[in-house]
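Okay, here's what each chain looks like letter by letter:
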Amino acid sequence: MGSSNSRRLTLLEKMKELNAKTKATSSLQAEFWSQSFIDAMAESDSFRSLLDGACKNQDGSSIACSGSNSCPIGCKCQSSKCAGGGASIPDNELGQQLDMVFRLITLNEARGVNRDFFAVELGGFDTHFEMVDGLSTKFDIINSALHGFRLDLKAALLSDGSTLWDKVTVVMSSEFGRSVSPNNGGGTDHGWAGNSYVMGGRVKGGRILGEHPNTYNPAGTYNTGRGVWIPTTAWESQWYAIVQWVGITDQAAIDYVLPNAKNFGCNLYAEVDLFEGGTASLSGCGGCVIQLRQSFYVSEARLLIPDEQAAFCGIVVANVAPVEIRCFIQDQILSPLEVPVGNANYEIAVDYEINFDPTVINCAEVVMKNIDTDTFRAEAASILILMDEAIIQKAVVELAPSMSPTFSMKPSEVDMPSGQPSLSIRPSMAIYIAPYYGHKFVGEGECMGTLGGNVQFQKSTYNYLEFQHSLFVAAVRCPGACAPYRAYKQYRGFEFKSEICRCLFDSGTDLNQVLTDNGGLPQTTVETNKARGIVIASDGSSDWACYEVAPPKAPEVVDKFEYVGFGECWDASKATYDYFAVTSPEAATSAVKCGEACSLSNYPLSNGFILKKGTDCHCLFDNGVAVTGVIITDNGAGTGQIVLSNYVEGHCYKALPAPTNFPTK
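Computed from a prediction, not measured in an experiment: that's the story for all the values here.

This next bit is on the nonpolar core. By size, the foremost hydrophobic cluster in this structure holds 28 residues, and its most contacted members are F296, F312, V316, Y352 and F356. At the level of elements, β5 (289-298), α9 (306-320), β6 (325-341), β7 (344-356), α10 (363-370) and α11 (374-382) are the ones that each hand at least two residues to this core.

A separate point is the layout of surface pockets. Considered as a void within the structure, the second largest pocket measures approximately 360 Å³ in volume. What lines the second largest pocket is a set of 20 residues, and nearest its centre among them are D255, K262, V317, I325 and R326. Counting only elements with at least two residues in the lining of the second largest pocket, the list comes to α7 (251-257), α9 and β6. Of the residues assigned to the lining of the second largest pocket, the class counts are 10 nonpolar, 6 polar and 4 charged.

Confidence along the protein averages 75 in pLDDT terms, with 72% of residues attaining 70 or more. A low-confidence stretch, residues 633-637 stays under pLDDT 50, and its non-local contacts, those more than four residues away or across chains, total 6 contacts.

Inspection of every chain in the model, using the stated rule, returns 10 aromatic pairs. Taken together, a centroid distance of 5.0 Å and an interplanar angle of 75° make the contact between F561 and F609 edge-to-face. With F561 in strand β18 (residues 561-566) and F609 in strand β20 (residues 608-612), the pair connects residues that are 48 residues apart, well separated along the chain. Looking at F561, the relative accessible area reads 8%, which means it is buried. Ring pairs connect the aromatic residues F296, F312, Y352 and F376, which therefore count as one cluster. Taking the ring centre of Y464 as reference, the NZ or CZ of R502 above it sits at 4.6 Å.

With that settled, the discussion passes to the packing of helix α3 (residues 93-106) against helix α5 (residues 131-155). Two numbers describe how α3 lies on α5: the axes approach to 8 Å, and their chain directions differ by 20°. Classified by the interaxial angle, the pair formed by α3 and α5 is roughly parallel. Read as a crossing pair, α3 and α5 show a hand that is right-handed. Mapping the contact onto sequence places E93, L94, G95, L98, V101, F102 and I105 in α3 and K138, I141, I142, A145, L146, F149, D152 and L153 in α5. Counted by class, the contact of α3 with α5 contains 11 nonpolar, 1 polar and 3 charged residues.

Calculation criteria
- For every chain, the first residue of its written sequence is number 1, and the numbers climb from 1 along that sequence.
- Local features in a predicted model are, by the rule used here, given only for residues with pLDDT of at least 70; side-chain atom pairs are given and counted only at 80 or more, and totals for whole chains, interfaces and linings are based on all residues.
- To obtain the side-chain values, all non-hydrogen atoms of the structure were used and water was disregarded.
- Residues enter a nonpolar core if they are buried and are Ala, Val, Leu, Ile, Met, Phe, Trp, Tyr or Cys, with the set joined through side-chain atoms within 4.5 Å.
- Three exposure classes are used, based on accessible area relative to the maximum for each residue type with a 1.4 Å probe and protein chains only: buried under 20%, partly exposed in between, and exposed over 50%.
- Going along the chain from the N terminus, every DSSP run of H or I of four or more residues is numbered as a helix, and every run of E of two or more is numbered as a strand.
- Only protein atoms enter the 1 Å grid, on which a cavity is a set of points fitting a 1.4 Å probe that cannot get out and a pocket is an open set with protein on both sides within 12 Å along at least 5 of 7 lines, lining residues being those with an atom within 4 Å of a point.
- Grid points are joined across faces, edges and corners, and a volume is the space filled by probe spheres set on the points.
- Residues are sorted three ways: Asp, Glu, Lys and Arg are charged, Ala, Val, Leu, Ile, Met, Phe, Trp, Tyr, Cys and Pro are nonpolar, and all the rest, Gly among them, are polar.
- pLDDT measures how confident the predictor is about each residue, on a scale from 0 to 100.
- Residue contacts are defined here by distance: any two heavy atoms, one from each residue, within 4.5 Å place the two residues in contact.
- Stacked, edge-to-face and tilted labels apply to pairs of Phe, Tyr and Trp rings (six-membered ring for Trp) whose centres lie within 6.5 Å, assigned for plane angles under 30 degrees, over 60, and everything in between, in that order.
- A ring is considered to have a charge above it if a Lys NZ or an Arg CZ atom is located within 6 Å of its centre and within 35 degrees of its normal.
- Whenever a helix is involved, its axis is fitted only over the stretch in contact; in every case the axis is a line through C-alpha atoms, and angles between N-to-C directions fall within 0 to 180 degrees.
- When an angle is under 35 degrees it counts as roughly parallel; over 145 it counts as roughly antiparallel; between 65 and 115 it counts as roughly perpendicular; any other value is oblique.
- Rotating anticlockwise by less than a right angle from the far helix to the near helix defines a left-handed crossing, while the corresponding clockwise rotation defines a right-handed one.

Below, the structure is given as structure tokens:
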């Protein structure tokens, strides 16, 4: 047999001969494959020639050397002669691949390219058994290969004083993550969420980006079971910055390269975030954020598929144009309708947010003008027609009046409209309020004892504070006006119609005292008639929209405690509490830890606890209760009394009494 080189030439000649046997009747696919094969062979020969000649003199002779520094870039000194490859890259499975990448990078000018994307791989991470031993070996391979690759790139000096390492970014990731919980074979199983490592000469390193779940509890929000986590950061988030770094900055070009990136709103990283000296940012981000809800009524139990989500956000962006925004779907909530609406049996409540550029100052007006329209509702409903022929042409928009550029809150589930007969199939003009303000839509009409045949607050009369202002052209402003009164146990909700907002209280509530406690009228009501009164009869107008305070949803489920809400820990029987501050820093990190510290087993007289996450965990007691020999009302270190507005940002949990007997089936 001949040499390997002669065998290669013989094989190439035979392949070219076979490839040339095409006729006039050959298919277009065959012709394309044939041409692609010929081009690939020619390019491969060209690369081989460049690689073979990179470390030799022009006449083909070897270059003598005394060390790698005396060889051209991309070459190393081997047996006193320059040879291709990096001096520090090890000869292992991954190192061999990175060595070829290193050599090709040094030949970028000769190859006529100004940017490259290379892919290398290392298998053997499907560690269902004996994970520790297997990973230890793999990590040694990775560490030595990347270390050598970096050293050789840093040693390659360029004419501008930088090194090749400054021109390279390395991304290491897997096609899927692993389960956090081990299996019984000493390994882990297939997961979902994972992590990526990004390194390079210009990368802002030493940081962990993204959101790590705050608990390993199997019942945690992001745990689907067996330690398989739902991702919190999009795969596209890192690539968005890298695409900009390599010079693709036109938005249309970025959308072509990363077609799914637009599904994640501003939850992406830009070049300015990941790279030293980066200038490209995220357009349509950094300004005000408005949270909204779009409800669809469908015949079958399902959620929006990814294509429908993208189509919906596309409609949002198109309707707000030319104002530059980003749309992001945060959550979908499927609820059965108590009473079918036409042929629809289910509601899909889609929580989403719109992010604005900092130059936009009238965000709410832009949304109201372009989103609160029959045209938008019809377009939004149209995305489901192909998937659900029985779609009801009714779409309801919810707007949250939070204008803060930095405010962010994960949407929580809220109760459905109860499907009363007054829900018509025509496009609704009502504006539903997002769950941050803790209200749910009840129905059209005033909030009287009956509305559309459905008992509302089980009240026949109300006291109200009424605000009239031109800003109240939409209900989006009304919950902001009534929000200061939600702490009062007599507060029941609000009713709204154009330019009129009524905050509703139980009959007999001292409204003068309400205003005194609140320090006067809300700042949002710059012009107000300061009206107050009693609703005793409905005027029969369908222009009103009724909203009830919604039951709060716990951010974390805590055993033996009931979630009361976000804000002060008041209830019908307590106006204030004494508290005992838990000194353990860990207790302030989660409601579960705080609940363990304030449990009835530790403090039998505890009423519950209030958690200001990351700052305070306070156990709550009646005034004057002695705990472990300390009277809490002495206001000493770590003790005190909760009064008005101490904890407007706290989560309140009420202690549940121990059962008096064992539960039966």
